[in-house]
Amino acid sequence: MAVTPDASVTFWYGCNMARHGEIVRLVTRILEAVGVEAAPAGGPGYCCGSTQEKNARIAAGMAVRTVEKFNQAGRETVITWCPSCHMNMHDLMAPVTEAAFETQHITQLLVARADQLRPLLTHRVAARVLAHAHHGFHGRVPVNTDVPMLLGMIPGLTVLEHPLRVPGHMCSAIAAVPGELARAHRETLAAMDDVGADTLATIFHSCHREAVALERGRPIRVVNWIHLLAEAMGLPHTDEYRLWRNAEDPRGAIGADRIAAAGDVAFERLVEPELRRPPTI
Amino acid sequence: MRNTEQRFVAHIRDNSVRLAAACTACGVCYHACPMVPRTAALDGAAPEAVMAGIRDILRDGAGTSEAIAFAGACTRSGVCTPACPENLDAAFLMRLASLRVRGTLGDAPRVASKHDPGWSARVKAFARLTMSEEEQAKWL
């Protein structure tokens, strides 16, 4: 099936982005606004294999299955979000299973369509923003310059620069190293202080879920860069993960009906411990 | 045609051999890595010796304790690639070494690695909270 990239692309949002359904929704709407109709795909059924990389049989099975599903979808372009997925596709997936599509990161697509995006950013966003930058992935896709460039198009918003680069490609990579996430957060807050930032813009989802708790007791705002673009476009949204993570009572913030719909046992065992985890610092 | 796992393993082995042969173990990538000063097991290690150990790991060898620690410390910062004077994809080289010490090819793991047995169920539980039923049906 021949499908032009403009008419239809797959937006491969990864797996852990399921925590941030509103970002998936907003990306889809932003893409549509710049002329790209996107079909989101993600979750464990579209795993890149990195979560199971201790076992070649499982990792390979997941990777092949995902490439084959994208091939069967017949779309010529897969737009990535997650840096792990993006790198795995290039390093381990497409070289093993022939991919009938090209891969492009969401930031590359939006930078390429900046002229279409700019006039849509009509709402002022009064914020002094520092982007949360890692060393990793920037060598593949220049996210540490592309995201600030895109945010710089928002009226009223000031993008600030600081040389801090956190190790790893996103915060999940350093979260397993004792003390490193707390160190990264301390250095990030110090960098914000240095440049007078009131807003931290996370680039990736794992950084976002780890950083939102930095808001507690501090006069700062932690948002994802997509939230800022959406705000400037007047797209209504709520970062529920941030609200739940910072709520004294996550259960109360979510509500009994939604918890019941999600499954009480699954919520208690899998979701609640994460939401109630103490902040890193 | 070889099966999925065999193709995947062959890709890892083939690239391991290729990059181990091209690497000169000069240690420039080691100097560039932000995780080195953060890894106690690498205190005082000689960069060239560590990278010689990495090459050994890529060639199915046992490596050295410091090479295993370096491979295990990789968080995919990627600064090794632009640093490499041989213009190798050093980040991919380290990724392969990291996979090997974690036991991807069936060997006993030589470093502890993060593994979340509840990952899939957790992702689905969050999806049920943040996505409508229609979105879950279409997007997952």
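Residues numbered from 1 in each chain as written. Chains lettered and ligands numbered in written order. Predicted model: local features only at pLDDT ≥ 70, side-chain atom pairs only at ≥ 80, totals over all residues.

1. A word on the overall build of chain A
Part 1: Scanning chain A from N- to C-terminus turns up 14 helices and eight strands.
Part 2: Taking 19 Å as the expected radius of gyration for a compact globule of 281 residues, we find that chain A reaches 19 Å, a close match to that expectation.
Part 3: Judged by the C-alpha coordinates and their principal axes, chain A covers about 50 × 45 × 40 Å.
Part 4: Summarising the internal contacts of chain A: among those between residues at least 6 apart in sequence, 74% fall at separations of at least 24. (Helix = DSSP H or I, 4+ residues; strand = E, 2+ residues; numbered from the N terminus. Rg over C-alpha atoms; globule rule 2.2 N^0.38 Å. Contact = placed C-beta atoms within 7 Å.)

2. Section: helix α1 (residues 21-33) of chain A
Part 1: End to end, α1(A) covers 19 Å across 13 residues, agreeing with the expected 18 Å (1.5 Å per residue, within 8%).
Part 2: Just past α1(A), the residue A:Gly35 takes up positive phi, approximately 90°. (Expected span 1.5 Å × (residues − 1).)

3. Side note on the domain arrangement of chain A
All names here are of chain A.
Part 1: If you check the domain split of chain A, you get domain 1 (9-112) and domain 2 (121-281).
Part 2: A separation of 21 Å is found between the C-alpha centroids of domain 1 and domain 2.
Part 3: Taken together, the 19 residues of domain 1 in the interface contact 26 residues of domain 2.
Part 4: Listing elements by their share of the side of domain 1 that touches domain 2, those giving two or more residues are α1, α3 (83-93) and α4 (106-112). (Domains from an automatic or database assignment.)

4. Section: helix α1 (residues 4-22) of chain B
Part 1: Here α1(B) is 19 residues long and its end C-alpha atoms lie 27 Å apart, about the 27 Å a rise of 1.5 Å per residue gives.
Part 2: Residues of α1(B) that are buried include every one of B:Phe8, B:Ile12, B:Ser16, B:Leu19 and B:Ala20, and no others. On an axial view of α1(B), the arc spanned by its buried residues comes to 105°, and they lie on one face. Among the exposed residues of α1(B), those oriented more than 90 degrees off its buried face are B:Ala10, B:Asp14 and B:Ala21.
Part 3: Residues of α1(B) that are buried make contact with α2 (56-73) of chain A together with α3 (47-58) and α6 (90-101) of chain B. (Buried ≥ 20, exposed ≤ 12 C-beta atoms within 10 Å, placed from the backbone. Arc of directions from axis to C-beta.)

5. Some details on the sheet that holds strand β1 (residues 9-14) of chain A
Residue and element names in this part refer to chain A.
Part 1: Strand order in the open sheet formed by four strands is β2-β1-β3-β4, with parallel pairing between adjacent strands. If you trace the sheet from one side to the other, it starts and ends with β2 (38-42) and β4 (102-105), each paired once. When the angles between neighbouring strand axes are averaged without regard to direction, this sheet yields 30°.
Part 2: Judged from the five bridges that link them, β1 and β2 form a sheet pairing that is parallel. Within β2, the position partnered with phenylalanine 11 by the bridge is proline 40.
Part 3: Packing of α3 onto the sheet brings it into contact with β1, β3 (77-80) and β4, and relative to β4 it is tilted by some 150°. (Pairing = 2+ DSSP bridges. Axes fitted to C-alpha atoms, helices over the stretch in contact; angles between N-to-C directions.)

6. Points about unusual backbone geometry
Part 1: Here the phi dihedral of B:Arg76 falls at roughly 65°; this positive angle occurs in a residue that is not glycine.
Part 2: Among the secondary structure elements, B:Arg76 is positioned in the loop between α4 (65-73) and α5 (80-83).

7. Some points on the interface of chain B and chain A
Part 1: Contact with chain B, which involves 45 residues of that partner, is made by 48 residues of chain A.
Part 2: Mapped by element, the contributors of at least two residues to the side of chain B that touches chain A are α1, α5, α6, α7 (119-130) and α8 (133-139) of chain B.
Part 3: Top element by residues in the side of chain B that touches chain A is α7(B). It accounts for 12 residues.
Part 4: Its residues placed into classes, the side of chain B that touches chain A shows 20 nonpolar, 14 polar and 11 charged. (Nonpolar A, V, L, I, M, F, W, Y, C, P; charged D, E, K, R; others polar.)

8. Things to note about the pairing of strand β8 (residues 221-224) of chain A
Residues and elements named next belong to chain A.
Part 1: Here strand β7 (residues 199-202) runs beside β8; their pairing, made up of four bridges, is parallel. Residue pairing in the sheet places threonine 202 in a bridge with asparagine 224 of β8.
Part 2: For the handedness criterion, the β-α-β arrangement of β7, helix α9 (residues 205-211) and β8 is classed as right-handed. (Right-handed = clockwise from strand over helix to strand, strands pointing away.)

9. Looking at the pairing of β1(A)
Sheet faces and side chains relate simply in a regular strand, where the side chains alternate between the two faces.
All names here are of chain A.
Part 1: With six of six residues buried, β1 is to be regarded as a mostly interior element.
Part 2: Considered for its hand, the β-α-β crossover made up of β1, α1 and β2 is right-handed.
Part 3: Relative to β3, β1 runs parallel, the two sharing three bridges. For phenylalanine 11, the partnering residue across the bridge sits in β3 and is isoleucine 79.

10. Quick word on the confidence of the model for chain A
Part 1: Averaged over every residue, the pLDDT of chain A is 95; the share at 70 or more is 98%.
Part 2: Scored below 50 in pLDDT, residues 1-7 of chain A shows 10 contacts in the model against residues more than four places distant or in partner chains. (pLDDT = per-residue confidence, 0-100.)

11. Some thoughts on the sheet that holds β7(A)
Residues and elements named next belong to chain A.
Part 1: Read from one edge of the open sheet, four strands run β6-β5-β7-β8, paired in parallel fashion. The open sheet terminates on both sides in strands that have one partner only, identified here as β6 (157-160) and β8. Between one strand axis and the next, the sheet turns through 35° on average, direction left out of account.
Part 2: Relative to strand β5 (residues 127-131), helix α8 (residues 180-195) is tilted by about 135°, and along the sheet it contacts β5, β6 and β7.

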